[in-house]
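Letter by letter, the chains look like this.
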Amino acid sequence: MPHPDQRRSPRAALTLIDLIVTMLVIGVMGAVAAPRFSAMMNHYRVSAAAGRLQADLEYARRQAQTQGRPQSVVFDGSANRYELPDSPHPDRPGTKYVVELSSAAAGVALKSAAFESGASAVTYDLYGRPDAAGAVVLAAGVEQRTIRVDGTSGRVTVE
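First, a word on scope: everything that follows refers to the structure included in this document. Bear in mind the structure is a predicted one, so any value in this text is a computation, not a measurement.

Section: unusual backbone geometry
In the Ramachandran plot, N80 falls in the positive-phi region, its phi being about 55 degrees despite a non-glycine side chain. As for its position among the elements, N80 is in the loop between β1 (71-76) and β2 (81-84). Overall, the relative accessible area of 14% leaves N80 in the buried class.

Concerning the nonpolar core
Counting residues in each nonpolar core, the largest one holds 27 residues, and the members touching the most others are L53, L57, V73, F75, Y82, Y124 and L138. Those elements giving two or more residues to this core turn out to be α1 (16-67), β1, β2, β3 (97-100), β4 (109-115), β5 (121-124), β6 (134-140) and β7 (143-149). The greatest single-element share of this core, amounting to 8 residues, is contributed by α1. The residues touching Y124, leaving out its near neighbours within four places in the chain, are L57, A60, R61, A64, R69, P70, Q71, R129, P130, V149, G154 and V156.

Quick look at the pattern of salt bridges
Under the defined criterion, the tally for this structure stands at 6 salt bridges. E100 is the salt-bridge partner of R81, the closest N and O atoms lying 3.5 Å from each other. Here the residue R81 occupies a position in strand β2, and E100 occupies one in strand β3, the gap between them amounting to 19 residues. Given a relative accessible area of 26%, R81 falls into the partly exposed group. Note that E143 is salt-bridged to R145, the shortest N-O span being 3.5 Å. Residue classification places R145 among the buried residues on the basis of a relative accessible area of 14%.

Description of the sheet that holds β2
Strand order across the open sheet formed by 4 strands is β3-β2-β1-β5, with antiparallel pairing between neighbours. Each edge of the open sheet is held by one strand with a lone partner, namely β3 and β5. Adjacent strand axes in the sheet meet at a mean angle of 10 degrees, parallel and antiparallel pairs treated alike. Sheet topology places β1 next to β5; 4 bridges connect them, and they run antiparallel.

Examining α1
Taking 1.5 Å as the rise per residue, α1 with 52 residues should run 76 Å; its terminal C-alpha atoms sit 73 Å apart, in good agreement. Residue A33 marks the point of greatest curvature in α1, where the axis turns by about 30 degrees; the proline P35 follows within four residues. Trailing α1 by a residue or two, G68 shows a phi angle of about 70 degrees, which is positive.

Cut-offs and rules
Residues numbered from 1 in each chain as written. Predicted model: local features only at pLDDT ≥ 70, side-chain atom pairs only at ≥ 80, totals over all residues. Heavy atoms only, no water. Helix = DSSP H or I, 4+ residues; strand = E, 2+ residues; numbered from the N terminus. Buried < 20%, exposed > 50% of the residue type's maximum accessible area, 1.4 Å probe, protein only. Core = buried A, V, L, I, M, F, W, Y, C linked by side-chain atoms within 4.5 Å. Contact = heavy atoms within 4.5 Å. Salt bridge = Lys/Arg side-chain N within 4 Å of Asp/Glu carboxyl O. Pairing = 2+ DSSP bridges. Axes fitted to C-alpha atoms, helices over the stretch in contact; angles between N-to-C directions. Expected span 1.5 Å × (residues − 1). Bend = angle between axes of the 7 residues up to and from the residue.

Pasting the structure below:
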């Protein structure tokens, strides 16, 4: 039996209330951060896909100039992809150059591809000039990017 003058030292431990309050704080912080994280990921996905498309259009243009023959970029909105049927794949020789937007940048959709010629494709001549000006719209969630091809210079810009 302890001596009456000896006092019990309090234990250093977490109570159930401490754990519940901590979990509530973490839950509230997660609920606030989740929508912002999702918006950030959509922004990144559509920006990355737009940058890739811009680079691929420039690649087709350079291929037309260096090979001295027309090079096309064909857009297929229903399949959510585009391809460069006349250009070799830069990383996998001997394979078709097809970019599946839903797998290349998960969650990106090809909303539209409209060119002055009425086609959903652009063809560069041996001088690197496109057959028509036009725009391609990519989207992920509410984020959207428009890739424009200038009909005179062939310059590609992302908006």
